[in-house]
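Structural description and commentary
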Amino acid sequence: MPLYSMMNWTLCFLNMLSTLVLGVSVPPGALDCWVFLSCLEVLQRIEGCCDRAQIDSNIAHTVGLWSYATEKLKSLGYLCGLVSEKGPNSEDLNRIVDLLAGLGAERPETANTAQSPYKKLKEALSSVEAFEKHYLELSHAAIEMHTSIGRTRSARLVGKDLAEFYMRKKSPQKAEIYLQGALKNYLAEGWALPITHTRKQLAECQKHLGQTENYLQTSSLLASDHHLTEEERKHFCQEILSFASRQTDSPGHKIVLPLHCFAQLRDLHFTPSNAVVHVGGVLSVEITMCSQMPIPVYVEQIAINVHFSIEKNNYRKTAEWLTKHKTSNGIINFPVETSPFPASQNNLPALELYEMFERSPSDNSLNTTGIICKNVHMLLRRQESSASLETPSGVALEDGAHVLKCSGVTLEPGANRITFRTQAKEPGTYTLRQLRASVGPVWFVLPHLSPRVQYDVYSQEPQLHVEPLADSLLAGIPQKVKFTVTTGHYTVKNGDSLQLSNAEAMLILCHAENRAVIYSNTREKASDVSLRVQSSDKVTSISLPAAPAYHMIEFELEVLSLPSAPVTGGDSSTLGVTEPHRKHKDTQKAGYCMATTDHKVSIDCPWSIYSTVIALTFSVPFRTTHSLLSAGTRKYIQVCVQNLSELDFQLSDGNLVDTGSSGDLQLVPLNTKTPQHIYSKQSVFFVWELKWTREPPPSLRCQFSVGFSPASEGRLSIPLKPYTYEFQVENFFTLYSVRAEILPPSGTEHCRTGSLCSLEVSITRLSDLLEVDKDEALTESDDYFSTKLMYEVVDNSSNWAVCGKSSGVISMPVAAQATHRVHMEVMPLFAGYLPLPDVRLFKYLPHHSAHSSQLDADSWIENDSLSVDKHVDEQLDSGSIKSRGSVHSASSSEHKGLPMPRLQALPPGQVFNSSTGMQILVIPSKDDHVLEVSVT
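Please read all numbers here as calculations on a predicted model, not as lab measurements.

Structurally, the position occupied by Thr-288 is in strand S4 (residues 282-291). In this structure the side chain of Thr-288 is engaged in a polar contact, spanning 3.2 Å, whose partner is the side chain of Arg-417. Once residues within four sequence positions are removed from consideration, Thr-288 is found in contact with Gln-264, Leu-265, Arg-266, Asp-267, Ala-415, Asn-416 and Arg-417.

What follows is the structure, given as structure tokens:
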């Protein structure tokens, strides 16, 4: 039979005999003696027939018999009084005599053996010293064997029995190490009840050894252990309180213990909730502590050590900036310790149990059955590296100048709320580091608060903030502006005021009753007081109500910016807007924006020797443009008012005046006199006719004004000034009338596609010599004045093909009704009602003589085209200029390399084209198979 099988059967057999009742009466201890002798005899036989290497390799199978023999010898020692401090009594001695007599004579085969099991048992029962010797030898041998094969748990169990032996022998210093080892093993594996039992033994051991700090720590753990009865918990709690009340001889000595065995910190709440307070303000910190003690405990002081730190430029941080980094409700929760040991059974995986059946190979009968745990390696894994919680805490009390204290607190079992209050003195960041509670000289300490807990103290300079209540301020109507005075560390006294310098185009409206609201630093309304505002020509004085430091004063005032559009000049096509000039396509694509006007106001504050300058931006709600309309020699000025804002307005009393004070000029309105409603993003037009009795001036300076008010509001408290728009119109008198006419070929009634038609252009001078005609193009002969004009026929819509010469230079007499006619041929390209080609006029200016002395490379035209004056109207596109160049290339080639004449476009107001908008019918030719019709 293999050695391991023999050991297992022997151990099972001895265990079975120890528990069965055989019906034979034996004295107490006789069975233990027989089992002890059997274990040692089996081990002795094994040692006799095996070499040392075989024995060492089978320790795992023999150590059970060693442990069993040790247990039986321990049982005999307790039974016979060999473990007591005073030794065996008379009754114990009689029992020993009976047991020795019952052993009988030693067998002959072992009689000559010096260390036979019989002699060992007889010697162990003979005296206290001999029993201790043999028991310690067996115990140490069993511990050493268990340790050598990695059975630390079994070694600790034998050590725990050895600790009980030492405690009975009044040797607690020897028992402590074994109890600590056993407790460490239980803590690592999470056995709650063995932990409690071992702690009770350890507490007794520490008490006998006089280890005050360790004993108090173990007592606090036992007092908070719910596996003990209520009376036992109260006993250990009273041990702590009794020690605290006795220590009056050395008041400076402190015993520091971990807080978790006394109480647990659950949460912390700041007031104010953002944990930000100004210098001089009061901060409240409320903590919730859950007492683990079974009875109320009077705590002399609960303190929180605070670490102070100040960052660079910390004084610049405001309450709003600091609040961004805080929790919203000011409550910080701390993790709850669910178990006093690191690896509790709650964290272990569930048992994986399976049934096990073993049948006989011969007849398949059931021999054994049982349960197997498949994940026992997960449940019983070693955690030797974990530190025991019974070792001294080693926590040091922190010293510092900043401490939050609360004295005379009675902690009831369960949750308790403790409130700390402190007044902020120095700006910076305060971190709560260590929580401690003192019961006499015993200090229960939580060394670090996790997560981190901080509050901030700031010092703020007085500030003035001005902001509009609406998204944008509109010029021309009263707008509300909010003033916010943050007092900071400054205390506003009676008589303090804000001095505002009045802007020229902005008014501060003073009402009979103005109110100011004072708020605390936490936005709680403190008071509502009246505000006195006094205004003069240059200064507006606002008397501030008295307010303490770190408060806010808020009030509203109405301001009014005088409405006016920017002054525009130039010809009639110029737009009266302030946005940067953009091309027409870009403007249409991006849309128009409201013009803005900035008003800067200087404010003198009582807390500073320097003035505060603020800028209020007002948006002009209207965009105004003007245009010059012509009907022959009759002239009209049209003003377009476009509402760019989101409000609706009521327009009234539109007026246009000549600021040049020309008495011979009249502006006749053609508008309705009733108020007109202008909606958001809508336009309203005003028209005036120009009439004059003699030669009109070369330019006209006009000012347009119109009254307006918001359509949604009732009658305003103050009259509003009208909206004004100034502009200038130049060269508005009609000098030339152009008429174009297309005649069909002779013998036909209508023009046909592909057939040549006659185009007759008439250019008529409508006035005699005027002041605007006196330029370098004017030439004087004996009888009359004349000027050179260039005409050009252009069809941008590509409906006509101009055959032959499409442009030319004419000498036009400067006399009323002088007419020049030009004939050319054109060919319609499409059928339908086609608009006539455009006829354009330019002044043909010779090269100025002053340029001859300043010729450079840029002044010489190297291509075959006419030079165009820089003042050519932008309405002439590049295509028309190119067409002029192509026409004149032949005639100008002889002047290649010489300075060329220039073209200057006539202003639209000086030329009236009576053919604009006219159409002529063109019918398709008879041989067309594909008909193309132009619809315009």
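Let's shift gears to the pattern of salt bridges. Under the counting rule described, the total for this entry stands at 20 salt bridges. One salt bridge connects Glu-189 with Arg-153, and the closest N-O pair in it is separated by 2.6 Å. Linking Glu-189 in helix H10 (residues 172-189) with Arg-153 in helix H9 (residues 152-168), this pair joins segments that are 36 residues apart in sequence. Take Glu-189: its relative accessible area is 8%, and that puts it in the buried class. Beyond isolated ion pairs, a larger network of salt bridges with shared partners links Lys-74, Lys-160, Asp-161 and Glu-164.

Bringing unusual backbone geometry into the picture now. Each neighbour pair has its own omega, and for Thr-271 with Pro-272 the value is 5 degrees, a cis peptide bond. Turning to its location among the elements, Pro-272 is positioned in the loop between strand S2 (263-271) and strand S3 (276-278). Cis geometry is found at the peptide bond from Ser-450 to Pro-451, where omega equals 5 degrees. With respect to the element layout, Pro-451 can be found in the loop between strand S12 (442-446) and strand S13 (453-458). At Lys-681, a position not held by glycine, the phi torsion is positive, near 65 degrees. Among the structural elements, Lys-681 can be located in the loop between strand S30 (676-678) and strand S31 (683-692). Positive phi is not limited to glycine here, since Ser-798 has a value of about 60 degrees.

What follows deals with the environment of Arg-433. Of note, Arg-433 is situated in strand S11 (residues 428-439). Take Arg-433: its relative accessible area is 29%, and that puts it in the partly exposed class. Through-space distance from the C-alpha of Arg-433 to that of Arg-452 is 8.1 Å; in sequence the pair is 19 residues apart. For Arg-433, the contacting residues outside a window of four places in its chain are Asn-305, His-307, Glu-398, Leu-446, Pro-447, His-448 and Leu-449.

Strand order in the open sheet made by the three strands is S35-S47-S42, with mixed pairing throughout. Edge positions in the open sheet fall to strand S35 (751-752) and strand S42 (832-835), since each of these has one partner strand only. By the bridge criterion, four bridges tie S42 to strand S47 (residues 919-923) in an arrangement that is antiparallel. In the strand pairing of S47, Pro-835 is matched with Gln-919.

Another aspect to go through is the sheet that holds strand S10 (residues 414-423). Reading across from one edge, S6-S2-S4-S10 is the order of the four strands in this open sheet, with antiparallel pairing throughout. The open sheet has two free edges, formed respectively by strand S6 (331-333) and S10, since each of these has just one partner strand. Averaged over all pairs of adjacent strands, the angle between strand axes in this sheet comes to 20 degrees, irrespective of strand direction. By the bridge criterion, three bridges tie S2 to S6 in an arrangement that is antiparallel. Paired with His-269 across the strands is Ile-331, a residue of S6.

This part covers the nonpolar core. Counting 52 residues, the largest nonpolar core has Phe-262, Ile-287 and Ile-302 as the members making the most contacts within it. Ignoring anything within four residues of it in the chain, the contact list for Ile-302 reads Met-289, Leu-404, Lys-405, Cys-406, Val-409, Leu-411, Ile-418, Phe-420, Leu-435, Arg-436 and Ala-437. Core analysis: the next-biggest nonpolar cluster, separate from the first, contains 49 residues, Leu-40, Ala-69, Ala-142 and Ile-195 among them.

With that out of the way, let us pick up the confidence of the model for the protein chain. Summarising the model, the protein chain shows a mean pLDDT of 80, and 81% of its residues fall at 70 or more. The low-confidence segment residues 570-590, where pLDDT is below 50, has 38 contacts with residues more than four positions distant or belonging to other chains. Note that residues 849-897 has pLDDT below 50 and, in this model, 64 contacts with residues that lie over four places away or in other chains.

Within a pair of aromatic rings, the relevant descriptors are the distance that separates the centres and the angle that separates the planes. A full pass over the atoms with the stated rule returns 22 aromatic pairs. For the ring pair Phe-131 and Tyr-135, a centre distance of 5.9 Å and an interplane angle of 5 degrees mean the geometry is stacked. Of this pair, Phe-131 and Tyr-135 both sit in helix H8 (residues 128-148), four residues apart, which is roughly one turn of that helix. We note that Phe-131, like Tyr-135, is buried. By the ring-pair criterion, three or more aromatic residues cluster together here, those being Phe-131, Tyr-135, Phe-165, Tyr-166 and Tyr-178.

This brings us to the pairing of S13. Most of S13 sits out of view: five of its six residues are buried. One ladder, built from three bridges, connects S3 with S13; its direction is parallel. Looking across to S13, one finds that Val-276 is bridged to Asp-456. By the bridge criterion, five bridges tie S11 to S13 in an arrangement that is antiparallel. From the neighbouring strand, Thr-431 faces S13, where its bridge partner is Gln-454.

A few words now on helix H11 (residues 192-209). Across its 18 residues, H11 extends 25 Å between first and last C-alpha, which sits within 8% of the 26 Å expected from 1.5 Å per residue. Every buried residue belonging to H11 is among Ile-195, Thr-196, Thr-198, Arg-199, Gln-201, Leu-202, Ala-203, Cys-205 and Gln-206, and all of these are buried. Positive phi appears at Gly-210, one or two residues downstream of H11, with a value of about 75 degrees.

Contact geometry for helix H4 (residues 59-79) and H8: axes closest at 9 Å, N-to-C directions at 150 degrees. Considering the angle they form, H4 stands roughly antiparallel to H8. Regarding H4 and H8, the two cross each other, and that crossing is left-handed. Residue-level inspection shows Ile-59, Val-63, Trp-66, Ser-67, Ala-69, Thr-70, Leu-73, Lys-74 and Gly-77 of H4 in contact with H8, the latter providing Phe-131, His-134, Tyr-135, Leu-138, Ser-139, Ala-142, Met-145, His-146 and Ser-148. Grouping the amino acids of the contact of H4 with H8 by side-chain chemistry returns ten nonpolar, seven polar and one charged.

Rules used in this analysis
Residues take numbers from 1 onward in each chain, read along the sequence in its written order. For this predicted model, a pLDDT threshold of at least 70 governs which residues receive local features, and a threshold of 80 or more governs which side-chain atom pairs are given and counted, while totals over whole chains, interfaces and linings are taken from all residues. Remark: hydrogens and water are excluded; side-chain values derive from all non-hydrogen atoms of the structure. Counting from the N terminus, the helices are the DSSP runs of H or I reaching at least four residues and the strands are the DSSP runs of E reaching at least two. Under this definition, polar contacts are N or O atom pairs within 3.5 Å; protein pairs additionally need one hydrogen-donor-capable and one acceptor-capable atom, and for neighbouring residues in sequence, both atoms have to be side-chain atoms. Whether two residues are in contact is decided by their heavy atoms, any of which lying within 4.5 Å being enough. Salt bridges are counted wherever a side-chain nitrogen of Lys or Arg sits within 4 Å of a carboxyl oxygen of Asp or Glu. Between buried and exposed lies partly exposed: a residue is buried under 20% and exposed over 50% of the maximum accessible area for its type, with that area taken using a 1.4 Å probe on protein chains only. Should DSSP find at least two bridges between two strands, the strands are regarded as paired. Between the N-to-C directions of two axes lies an angle of 0 to 180 degrees, each axis being a line fitted to C-alpha atoms and, for a helix, fitted only over the stretch in contact. What makes a nonpolar core is a set of buried Ala, Val, Leu, Ile, Met, Phe, Trp, Tyr and Cys residues whose side-chain atoms join them at distances within 4.5 Å. Confidence scores per residue from the predictor, reported as pLDDT, run from 0 to 100. The criterion for an aromatic pair is that two Phe, Tyr or Trp rings (for Trp, the six-membered ring) have centres within 6.5 Å, with stacked assigned to planes under 30 degrees apart, edge-to-face to planes over 60 apart and tilted to the rest. The span you would expect from a helix comes to 1.5 Å times its residue count less one. Throughout this description, any angle smaller than 35 degrees is read as roughly parallel, any larger than 145 degrees as roughly antiparallel, any in the 65 to 115 degree range as roughly perpendicular, and the remainder as oblique. Each crossing gets its handedness from the near helix: less than a right angle anticlockwise from the far helix is left-handed, clockwise is right-handed. Classification used: nonpolar for Ala, Val, Leu, Ile, Met, Phe, Trp, Tyr, Cys and Pro, charged for Asp, Glu, Lys and Arg, polar for all others including Gly.

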